[in-house]
Amino acid sequence: MQTAATPLIASPSPKKPGGPEPLAHQAIHDTVVGILEKLPPGALLDVPAGQGALAARLIDAGFDVRCCDLYPEIFRLEGVDIQQGNLDVALPFSDRSFDYVTCLEGLEHIENPQHAMREFARVLKPAGHLIVSVPNILNIEERLKWLLYGYTSHFKPIGREQREQLRAEHDNREEIAAHVNPIGYSELRYVLEKYGFEIVRLYRDKPKGRSWLYWPLVALIRLIARLIPARKRNQRWTKELVSNEILTGGNTLIVHAVFREATGRT
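Cut-offs applied
- Residues numbered from 1 in each chain as written.
- Predicted model: local features only at pLDDT ≥ 70, side-chain atom pairs only at ≥ 80, totals over all residues.
- Heavy atoms only, no water.
- Helix = DSSP H or I, 4+ residues; strand = E, 2+ residues; numbered from the N terminus.
- Contact = heavy atoms within 4.5 Å.
- 1 Å grid on protein atoms, 1.4 Å probe; cavity = no way out; pocket = protein on both sides within 12 Å on 5 of 7 lines; lining within 4 Å.
- Points joined across faces, edges and corners; volume = space filled by probe spheres on them.
- Nonpolar A, V, L, I, M, F, W, Y, C, P; charged D, E, K, R; others polar.
- Polar contact = N/O pair within 3.5 Å; in protein donor to acceptor, adjacent residues only side chain to side chain.
- Buried < 20%, exposed > 50% of the residue type's maximum accessible area, 1.4 Å probe, protein only.
- Axes fitted to C-alpha atoms, helices over the stretch in contact; angles between N-to-C directions.
- Parallel < 35°, antiparallel > 145°, perpendicular 65-115°, else oblique.
- Salt bridge = Lys/Arg side-chain N within 4 Å of Asp/Glu carboxyl O.
- Patch = residues over 30% accessible without salt bridge, like charges linked within 9 Å, V, L, I, M, F, W, Y side chains within 5 Å.
- Areas by Shrake-Rupley, 256 points an atom, 1.4 Å probe, with all protein chains shown as cover.

(A) Looking closely at the environment of Ile254. Mapped onto the fold, Ile254 is located in strand β8 (residues 252-259). With 191 residues separating them along the chain, Ile254 and Phe63 place their C-alpha atoms 20 Å apart. In contact with Ile254, not counting residues within four places along its chain, are Ile28, Thr31, Val32, Ile35, Ile131, Val132, Ser133, Arg201, Leu202, Tyr203, Arg204 and Asp205.

This is the structure we're talking about:
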């Protein structure tokens, strides 16, 4: 597995009046398009598709894109069909239908990310590519916030009042905004490997501002990591956990993985 010192950025697409807007940060879309532009076009499933902003760019890049979302009524990409689908249940697609699956800012919104991963393994062809993004809860700033407050920026407590506010703001579609499932790198890698995926490379959306403030603590963490015996470092994925993509990464961790084998659990 490789890590990238800097994000792989594609040229931003021009915005069209009335067209789909990214629900994820633009830098996430730019990085993902930059990854896929280097691969041969093929059948691609984008789920959750949101308004269709990523799908539009991938269609322009030559991919045969199918879109799926829990709320297809928010989709705004003209001339492209979308199917209703829930990542917590079976997706409405046949086995081995796709060469690629993109799932950006989706896993943290659902009840059962492991089920979603089983579905990705089911619908992907052997050697198919999966690109997922999750909030990076393990960068140095978020680790400190967890220590000080007991929660991170992306996973603040959601009480009854906050839940009702989300429902009002999003027309009873609170799942669009509610982050309910914090997934760190270790949990994500475990689930990926459990369902037959091999991580190819890690990316960050973009470096965080004022990250230099944390460099003394980063240096201490990396020094401690080097003192851990090599066998334990390999077992605990220490190299990745202190990498630029995770420890000094941005708000989002982007993972590119390949489906190597069915495991009997799909």
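Having seen the structure, we can now continue with the description.
(B) Here's a closer look at empty space enclosed by the protein. One pass over the full model with this rule turns up 2 cavities of 30 Å³ or more. Counted as a void, the largest cavity has a volume near 40 Å³. For the largest cavity, the full set of lining residues is Asn139, Ile140, Glu141, Lys208, Ser211, Tyr214, Leu247, Thr248 and Gly249. Here the lining of the largest cavity is composed, by residue class, of 3 nonpolar, 4 polar and 2 charged.

(C) Region of interest: the side chain of Lys208. Take Lys208: it is sitting in the loop between β7 (197-204) and α7 (215-227). Engagement of the side chain of Lys208 in a polar contact is seen with the side chain of Asn251, the distance being 2.7 Å. Excluding its chain neighbours within four sequence positions, the residues that come into contact with Lys208 are Asn139, Glu141, Gly249, Gly250 and Asn251.

(D) The arrangement of unusual backbone geometry in detail. The omega torsion of the bond from Val47 to Pro48 falls at -5°, within 30 degrees of zero and hence cis. With a phi close to 55°, Glu105 is a non-glycine residue in the positive phi region. Positionally, Glu105 belongs in the loop between β5 (98-104) and α3 (113-123). Even without being glycine, Asn172 reaches a positive phi, approximately 65°. Positionally, Asn172 belongs in the loop between α5 (160-169) and α6 (185-194). Using a relative accessible area of 47% as the deciding quantity, one classes Asn172 as partly exposed.

(E) Region of the structure containing the packing of helix α4 (residues 140-149) against α7. Packing of α4 against α7 brings their axes to within 11 Å, and their N-to-C directions diverge by 90°. Comparing the axis directions of α4 and α7 gives the class roughly perpendicular. Across the interface between the two elements, Ile140, Arg143 and Leu144 from α4 touch Leu217, Val218 and Ile221 from α7. Its residues assigned to classes, the contact of α4 with α7 comprises 5 nonpolar, no polar and 1 charged.

(F) Geometry of the pattern of salt bridges. Inspection of the entire model under this criterion finds 15 salt bridges. For the salt bridge of Lys145 with Glu141, the shortest nitrogen-to-oxygen distance reads 3.1 Å. Of this pair, Lys145 and Glu141 both sit in helix α4, separated by 4 residues, roughly a single helical turn. On the basis of relative accessible area, Lys145 is assigned to the partly exposed category, the value being 24%. Exposure remark for Glu141: the relative accessible area of 15% places this residue in the buried category. Between Arg260 and Glu198 there is a salt bridge, with its nearest N and O atoms 3.2 Å apart. Here the residue Arg260 occupies a position in the segment after β8, and Glu198 occupies one in strand β7, the gap between them amounting to 62 residues. Residue class for Arg260 comes out partly exposed when judged on its relative accessible area of 48%. Glu198 gets classed as partly exposed once you look at its relative accessible area, which sits at 39%.

(G) Examining a nonpolar patch on the surface more closely. A grouping of Leu217, Leu220, Leu223, Ile224 and Leu227 is seen on the molecular surface, where their side chains present a nonpolar patch of about 470 Å² in accessible area. By the secondary structure assignment, Leu223 is in helix α7. What makes Leu223 partly exposed here is its relative accessible area of 47%.

(H) Just the layout of surface pockets, in detail. A volume near 1100 Å³ is recorded for the largest pocket. Looking at the largest pocket, it is lined by 48 residues, and the ones nearest its centre are His109, Glu175, Ile176, Ala177 and Ala178. Where the lining of the largest pocket is concerned, the elements lending two or more residues are α2 (53-60) and α5. Counting residues per element, the lining of the largest pocket draws most heavily on α5, which supplies 4 residues.

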